[in-house]
Amino acid sequence: SAVISQKPSRDICQRGTSLTIQCQVDSQVTMMFWYRQQPGQSLTLIATANQGSEATYESGFVIDKFPISRPNLTFSTLTVSNMSPEDSSIYLCSVTRPGQGAWEQYFGPGTRLTVT
Amino acid sequence: RKEVEQDPGPFNVPEGATVAFNCTYSNSASQSFFWYRQDCRKEPKLLMSVYSSGNEDGRFTAQLNRASQYISLLIRDSKLSDSATYLCAVVPTGGFKTIFGAGTRLFVKA
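Calculation rules
Residues numbered from 1 in each chain as written. Chains lettered and ligands numbered in written order. Predicted model: local features only at pLDDT ≥ 70, side-chain atom pairs only at ≥ 80, totals over all residues. Heavy atoms only, no water. Pairing = 2+ DSSP bridges. Helix = DSSP H or I, 4+ residues; strand = E, 2+ residues; numbered from the N terminus. Axes fitted to C-alpha atoms, helices over the stretch in contact; angles between N-to-C directions. Buried < 20%, exposed > 50% of the residue type's maximum accessible area, 1.4 Å probe, protein only. Contact = heavy atoms within 4.5 Å.

K.L.:
It is not clear to me how the sheet that holds strand β8 (residues 75–80) of chain A should be interpreted in this structure. Could you clarify?
P.N.:
One key point about sheets: their strands pair by backbone hydrogen bonds, in either a parallel or an antiparallel sense. Residue and element names in this part refer to chain A. Pairing is antiparallel in the open sheet, where four strands are placed in the order β1-β3-β8-β7. At either end of the open sheet lies a strand with only one pairing partner, and these are β1 (4–7) and β7 (68–72). Neighbour to neighbour, the strand axes of the sheet diverge by 15 degrees on average, direction disregarded. In this sheet, β8 lies alongside strand β3 (residues 19–25) in antiparallel orientation, the contact comprising six bridges. If you follow T20 over to β8, its bridge partner there is T79.

K.L.:
What should I look at first to understand the environment of K109 of chain B in this one?
P.N.:
Residues and elements named next belong to chain B. With respect to the secondary-structure elements, K109 resides in strand β11 (residues 104–109). Owing to a relative accessible area of 46%, K109 belongs among the partly exposed residues under this scheme. Considered as a pair, K109 and S32 are 77 residues apart in the sequence and their alpha carbons are 32 Å apart. When sequence neighbours within four positions are dropped, the list of residues in contact with K109 reads N12, V13, P14, E15 and L80.

Below, the structure written as structure tokens:
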């Protein structure tokens, strides 16, 4: 498995401001993933972050809104910019580790964001 | 059609019951399959991988049917502590992105 920590665990922010979420992993990983989970919904992949290159964003997500940094193999940040109430969600950092015959995905505890 | 679809739920069962969840996937080239459990206000946690031959872990049995493109999770002798949302997940062949279903909520009652 993997030990993943996220900061902050929760925050309440005003619209128009930005929040940066940090993700720390207990050992080096090639790819880190950022997901969003809105209330009662499943996980939606925002982007994949590789060290040393620009993040790859999924359809519907753009770098200006969700800039990502990946300065090394154990750390990443996701910024939610110019927030609106629609950004209220849980944001989860994730990594994959080899399991028995497949890469298994592990999640951080999440950051619960409320935008007022 | 969604890439991964699950029974909508919620499932309300008494303790000791057997409950089964199904999940269908649209990409026939998918290579890896998983079940995750997510407790309220917590992150998803890997419950078990699903292998072609089927696999069992205590009260939990997972099966894969490639011809019909579905995976299942069977929980026997349900416990109150099994109450959670169960997410199925699929990784396409050659891919590294996991695609999750919307989840099925299970309530086990005394």
